[in-house]
Amino acid sequence: MQLRYLPLLLFILWLAGCRMGNPYDPVPKELALVLKVYEDVVRWSDLNKIYAFGRKDAGWEVPPGLDNVRVNGYETSDPAEIEPWRWGQTAVISYVLNDRQVVKQLVDQQIWVSEDEGDSWYRENVPPPF
């Protein structure tokens, strides 16, 4: 099952190697900052906090068991504009289930939206289950 994502991961790494200059150059500055904070939260913080990146009225429920997950890899594609004030990014997240020491990987298709012309950004789609 893990080998299924290997071509996608290799493609993302290849694209990352081909970039020159600032990878967030065409990306709105505020969105680039939100994406960096989101990545830091996924990598180094309590995973429950990623649910705070959605709209306040989204009603997302934090699933149980996130305290059993330790992220050990987070690789992203370049963010791409889908339409004005709506951007997408793909992240490949590697993680370990602490109680079983099982290494897993998931692909997170993220949609980021701004309703105030780029001053603030929120995640439109719910984070994937770990």
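Throughout what follows, the structure given in this document is the object of discussion.

Procedures and definitions
Residues numbered from 1 in each chain as written. Predicted model: local features only at pLDDT ≥ 70, side-chain atom pairs only at ≥ 80, totals over all residues. Heavy atoms only, no water. Helix = DSSP H or I, 4+ residues; strand = E, 2+ residues; numbered from the N terminus. Buried < 20%, exposed > 50% of the residue type's maximum accessible area, 1.4 Å probe, protein only. Areas by Shrake-Rupley, 256 points an atom, 1.4 Å probe, with all protein chains shown as cover. Contact = heavy atoms within 4.5 Å. Polar contact = N/O pair within 3.5 Å; in protein donor to acceptor, adjacent residues only side chain to side chain. Phe/Tyr/Trp six-rings, centres within 6.5 Å; stacked < 30°, edge-to-face > 60°. Salt bridge = Lys/Arg side-chain N within 4 Å of Asp/Glu carboxyl O. Core = buried A, V, L, I, M, F, W, Y, C linked by side-chain atoms within 4.5 Å.

1. Comments concerning the overall build of the protein chain
Inference 1: Looking only at helices and strands, the protein chain has 2 helices and 5 strands in total.
Inference 2: When the elements of the protein chain are put in sequence order from the N terminus, they spell out α-α-β-β-β-β-β.
Inference 3: The buried share among the 130 residues of the protein chain stands at 40%.
Inference 4: Total accessible area on the protein chain stands at roughly 8000 Å², and carbon and sulfur atoms take up 55% of it.

2. A short note on the environment of W121
Inference 1: Here W121 is to be found in the loop between β4 (102-113) and β5 (122-123).
Inference 2: Between the alpha carbons of W121 and R55 there is a distance of 9.0 Å; along the sequence they are 66 residues apart.
Inference 3: Sequence-distant contacts of W121, defined by excluding residues within four places in its chain, comprise P28, E30, L31, V34, W85, R86, W87, W112, V113 and S114.
Inference 4: A distance of 3.2 Å separates a polar side-chain atom of W121 from the backbone oxygen of G118.

3. As for the packing of aromatic side chains
Inference 1: Enumeration over the complete set of coordinates arrives at 6 aromatic pairs.
Inference 2: Ring geometry for Y38 against W112: centres 5.2 Å apart, planes inclined by 80 degrees, an arrangement best described as edge-to-face. Here Y38, found in helix α2 (residues 29-44), pairs with W112, found in strand β4; they are 74 residues apart in sequence, far enough to count as distant.
Inference 3: Judged by its relative accessible area of 1%, W112 is buried.
Inference 4: Put simply, the rings of Y38, F53 and W112 touch in pairs and so form one group of aromatic residues.

4. A closer look at the pattern of salt bridges
Inference 1: Across all of its chains, the model carries 7 salt bridges by this definition.
Inference 2: Residue E39 pairs with R43 through a salt bridge whose shortest N-O separation is 3.1 Å. You can see E39 and its partner R43 sitting in helix α2, 4 residues apart, about one turn around the helix.
Inference 3: According to the relative accessible area criterion, R43 is partly exposed, its value standing at 25%.
Inference 4: Within this structure, R55, D57 and E115 form a network of salt bridges that share partners.

5. Concerning the nonpolar core
Inference 1: Grouped together as the largest cluster of nonpolar side chains are 24 residues, with contacts concentrated most on L31, Y38, V42, L47, I50, I93 and W112.
Inference 2: Mapped onto this core, the elements with two or more residues apiece are α2, β1 (69-76), β3 (86-97) and β4.
Inference 3: When residues of this core are assigned to their parent elements, the largest contribution, 7 residues, is made by α2.

6. Things to note about unusual backbone geometry
Inference 1: Phi angles above zero are rare outside glycine, and W85 is one such case at about 65 degrees.
Inference 2: Look at Q101: it is not a glycine, yet its phi comes out positive at around 50 degrees.
Inference 3: The residue Q101 is located in the loop between β3 and β4 in this model.

7. Section: the side chain of Q105
Inference 1: Looking at the secondary structure, you find Q105 in strand β4.
Inference 2: Within polar-contact distance, the side chain of Q105 engages the side chain of S94 at 3.3 Å.

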